[in-house]
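Examination of the molecular architecture
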Amino acid sequence: MSRAEVSPGQAAPAAVRAPRPLWTFGLLRSELVTTFRRWRTLALLGVLAGVPVLVGVAVRIETRGGSSVGRGGGEGPAFIAQVTNNGLFLVFTALAATLPFFLPMAVGVIAGDAVAGEANAGTLRYLLVAPAGRTRLLLAKYATTMAFCLVATLVVAVSALVVGALLFPLGDLTTISGTRISFADGLGRALLIALVVAASLIGLAALGLFVSTLTNSGIAAMATTVGLLITVQILDQIPQLHAIQPYLFSHYWLSFADLMREPVYWDGLVKNLELQALYAAVFGSTAWTRFTAKDITA
């Protein structure tokens, strides 16, 4: 109905502001700034950055007398056996050491607090007053959590690279397959491994976001997400449950070690990324269904 068609005694309909694309980017930027300015986030990143320092110093002290460290092979933490020969291996060792628990725990804290923390603080309904809409707000929360996945992984990798360069020699390195590759190639593979590790956490991020929509308590959401992480890790270690283990989001996490083979083994990597995409789709859609129908009172 146009303004001319409104009768003198009839109130004009309220104008509805449609969300603009610039508002969406502004919302995402606000979420990123708010998340990465929190002391909790900075503390988590600080702890993650400290893990490679502890590993590097421990290896340096243990091998000071010329003794060897670690064990043979090339899966996961076994990269530690190569750290003394090339500091770049400290990147792979640090990622393998933090991926089973430290990195996913940090992601679980951020994801679990994404929505429930706002509800607990009483700011969620004020965010929804703006013309963003629940879908855009939820997408901004998930994008922020995925950004944290990437930043946290890169913090571990960069810290490990710096510590490795300070404590150990750098140069050409030997792959798990026994072939030699240049330092530049190894550095490129280290970056690719960091990206794969970050992508390995998107399924957990979606699960944590879904849990966050179920409660108004940020602490409860964080504790539940971390509890589910621990439970899944335990289930993945029980041999009798081998039938369900390929469907657990953590099962293929250490497949990133296959990027250090020549040629690269892609089977585990592809299965890992497919599984993470499945978890993201399932729990992302359930989080959206729950959040869009939720009665926001806080």
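Residues numbered from 1 in each chain as written. Predicted model: local features only at pLDDT ≥ 70, side-chain atom pairs only at ≥ 80, totals over all residues. Heavy atoms only, no water.

When helices and strands are counted, the protein shows ten helices and two strands. Along the chain direction, N to C, the helices and strands of the protein fall in the order α-α-α-α-α-α-β-β-α-α-α-α. The burial tally for the protein puts 43% of its 298 residues in the buried class. Once local pairs closer than 6 in sequence are excluded, the contacts in the protein between residues at least 24 apart make up 76%. (Helix = DSSP H or I, 4+ residues; strand = E, 2+ residues; numbered from the N terminus. Buried < 20%, exposed > 50% of the residue type's maximum accessible area, 1.4 Å probe, protein only. Contact = heavy atoms within 4.5 Å.)

Confidence in the prediction for the protein averages 85 pLDDT; 83% of positions are at 70 or higher. Across the protein, the element-wise mean pLDDT spans from 68 in helix 5 (residues 124-129) up to 95 in helix 8 (residues 202-212). Contacts of residues 1-17 to residues separated by more than four positions or lying in other chains number five contacts, the stretch itself having pLDDT below 50. Scored below 50 in pLDDT, residues 71-76 makes 14 contacts in the model with residues more than four places away or belonging to other chains. (pLDDT = per-residue confidence, 0-100.)

Mapped onto the fold, Ser 159 is located in helix 6 (residues 133-167). Using a relative accessible area of 13% as the deciding quantity, one classes Ser 159 as buried. Leaving out residues up to four positions away in the same chain, Ser 159 has contacts with Ala 49, Pro 52 and Val 53.

The subject of this paragraph is the packing of aromatic side chains. According to the stated counting rule, one finds seven aromatic pairs in the structure shown. A ring pair is formed by Phe 89 and Phe 92, whose centres lie 5.5 Å apart and whose planes are at 85°; its orientation type is edge-to-face. A residue pair is termed a helical-turn pair when its members lie 3 or 4 positions apart in one helix, as Phe 89 and Phe 92 do in helix 3 (residues 89-98) at three residues. On the accessibility criterion, Phe 92 (0% relative accessible area) is buried. Ring centres of Phe 249 and Tyr 279 lie 5.6 Å apart, and the angle between their planes is 85°; this geometry places the pair in the edge-to-face category. Within this pair, whereas Phe 249 is found in the loop between helix 9 (218-235) and helix 10 (267-293), its partner Tyr 279 is found in helix 10, the two being separated by 30 residues in sequence. For Tyr 279, a relative accessible area of 16% translates into the label buried. Grouping aromatic residues by their ring pairs yields a cluster made of Phe 210, Phe 249, Trp 253, Tyr 279 and Phe 283. (Phe/Tyr/Trp six-rings, centres within 6.5 Å; stacked < 30°, edge-to-face > 60°.)

It is worth spelling out the packing of helix 3 against helix 6 at this point. When two helices pack together, their arrangement is given by the angle between the helix axes and by the axis-to-axis distance. Packing of helix 3 against helix 6 leaves a shortest axis separation of 8 Å and a crossing angle of 140°. Of the possible angle classes, the one that applies to helix 3 and helix 6 is oblique. Along this stretch, helix 3 crosses helix 6, giving a crossing that reads as right-handed. Where helix 3 approaches helix 6, its residues Leu 90, Val 91, Ala 94, Leu 95 and Thr 98 are matched on the opposing element by Thr 153, Val 156, Ala 157, Ala 160, Leu 161, Val 163 and Gly 164. Class assignment for the residues of the contact of helix 3 with helix 6 results in nine nonpolar, three polar and no charged. (Axes fitted to C-alpha atoms, helices over the stretch in contact; angles between N-to-C directions. Parallel < 35°, antiparallel > 145°, perpendicular 65-115°, else oblique. Left-handed = near helix turned anticlockwise from the far one by under 90°. Nonpolar A, V, L, I, M, F, W, Y, C, P; charged D, E, K, R; others polar.)

Note on helix geometry: an α-helix contains 3.6 residues per turn, so any two residues three or four positions apart are oriented the same way. Taking 1.5 Å per residue as the helical rise, helix 4 (residues 102-121) with its 20 residues ought to reach 28 Å, and the 26 Å between its terminal C-alpha atoms agrees with that figure. At Ala 114, helix 4 shows its maximal kink, close to 50°. Judged by how many residues are buried, helix 4 sits mostly within the fold: 16 of 20 residues are covered. Positive phi appears at Gly 122, one or two residues downstream of helix 4, with a value of about 80°. (Expected span 1.5 Å × (residues − 1). Bend = angle between axes of the 7 residues up to and from the residue.)

Once that is clear, we can look at the pattern of salt bridges. Under the defined criterion, the tally for this structure stands at six salt bridges. For Asp 113, the salt bridge is made with Arg 40, and the minimal N-O distance between the two is 2.5 Å. In this pair, Asp 113 sits in helix 4 while Arg 40 sits in helix 2 (residues 39-62), placing the two residues 73 residues apart along the sequence. A relative accessible area of 33% places Arg 40 in the partly exposed class. Ionic pairing is found between Asp 258 and Arg 261, a salt bridge with its closest N-O pair at 2.9 Å. Classification of Asp 258 as buried rests on a relative accessible area of 11%. Three or more residues joined by partner-sharing salt bridges are found here, namely Arg 38, Arg 40 and Asp 113. (Salt bridge = Lys/Arg side-chain N within 4 Å of Asp/Glu carboxyl O.)

What follows covers the nonpolar core. Counting 74 residues, the largest nonpolar core has Val 91, Phe 92, Phe 148, Ile 193, Phe 249 and Phe 256 as its most contacted members. Among the secondary structure elements, those contributing two or more residues to this core are helix 2, helix 3, helix 4, helix 6, helix 7 (183-199), helix 8, helix 9 and helix 10. The element best represented in this core is helix 6, accounting for eleven residues. Excluding residues that lie within four positions of it along the chain, Phe 148 makes contacts with Phe 36, Thr 41, Leu 44, Leu 45, Ala 106, Val 107 and Ile 110. (Core = buried A, V, L, I, M, F, W, Y, C linked by side-chain atoms within 4.5 Å.)

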